[in-house]
Amino acid sequence: ARGGGGPVKLAPGTLANLPGLSPNVGVYAAAYARLGLYGIVGLIMGMWIVVVRGTPIGVYILLKALIFLVPVVGLLAVGREFLFEHMARRFDQSHAKSDGAFIAEV
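In this text, all values refer to a predicted model and were calculated from it rather than measured experimentally.

(A) Molecular detail of the overall build of the protein chain. Looking only at helices and strands, one finds 3 helices and 0 strands in the protein chain. Each helix (α) and strand (β) of the protein chain, taken in turn from the N terminus, gives the series α-α-α. Expressed as a percentage of its 106 residues, the buried residues of the protein chain come to 11%. Across the protein chain, the fraction of contacts at a sequence separation of at least 24, relative to all contacts at a separation of at least 6, is 35%. Accessible surface, the protein chain: about 8600 Å² in total, of which carbon and sulfur atoms supply 71%.

(B) Seen up close, the packing of aromatic side chains. In the structure shown here, the tally under the stated rule is 1 aromatic pair. Judged by centre distance (5.5 Å) and plane angle (70°), the ring pair of Tyr38 and Phe68 falls under edge-to-face. Of the two residues, Tyr38 is situated in helix H1 (residues 23-53) and Phe68 in helix H2 (residues 57-78); the sequence distance between them amounts to 30 residues.

(C) Spotlight on the environment of Gly39. Structurally, the position occupied by Gly39 is in helix H1. Of the residues examined, Gly39 reaches a relative accessible area of 0% and is grouped as buried. In sequence terms Gly39 and Leu69 are 30 residues apart; their C-alpha atoms lie 5.2 Å from each other. Beyond its immediate sequence surroundings of up to four residues, Gly39 is in contact with Ala65, Phe68 and Leu69.

(D) Quick peek at the pattern of salt bridges. Following the criterion strictly, the structure yields 1 salt bridge and no others. With its nearest N and O atoms 3.6 Å apart, the salt bridge here joins Glu81 to Arg80. The class for Glu81 is exposed, based on a relative accessible area of 54%.

(E) Highlighting H2. Look at H2: 32 Å from first C-alpha to last across 22 residues, which is about the 32 Å you get at 1.5 Å a residue. For H2, the principal kink sits at Leu69 and spans about 35°; a proline, Pro71, occurs within the next four residues. Regarding H2, the residues found buried are Gly58, Ile61, Ala65, Leu69 and Val72. At its buried positions, H2 is contacted by H1. Downstream of H2 by a residue or two, Gly79 has a phi angle that is positive, lying close to 95°.

Conventions adopted
- Residues numbered from 1 in each chain as written.
- Predicted model: local features only at pLDDT ≥ 70, side-chain atom pairs only at ≥ 80, totals over all residues.
- Heavy atoms only, no water.
- Helix = DSSP H or I, 4+ residues; strand = E, 2+ residues; numbered from the N terminus.
- Buried < 20%, exposed > 50% of the residue type's maximum accessible area, 1.4 Å probe, protein only.
- Contact = heavy atoms within 4.5 Å.
- Areas by Shrake-Rupley, 256 points an atom, 1.4 Å probe, with all protein chains shown as cover.
- Phe/Tyr/Trp six-rings, centres within 6.5 Å; stacked < 30°, edge-to-face > 60°.
- Salt bridge = Lys/Arg side-chain N within 4 Å of Asp/Glu carboxyl O.
- Expected span 1.5 Å × (residues − 1).
- Bend = angle between axes of the 7 residues up to and from the residue.

Shape descriptors only; they carry no functional weight alone.
And the structure:
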């Protein structure tokens, strides 16, 4: 088990160590990049299977690729700052009742 509570050391050259990029932003950027890559590759592969081979599994691959692309398109449509603020408000609202109940019990 890891002792202490210091910051986690990241390998040099990782996405999280780029100048001006916090580790959290780096992790989310990598996750969205991976989803986008899976989606694009899936679209290409699905279209190729449907057009060239004519098998119905290509439709399934196309649908799966579109599902992978939904978060990426959503992020590109609304922007990172708006998405963060929206999720922060939802988180605060969802915890307000339990926080109020806890304070009332004290």
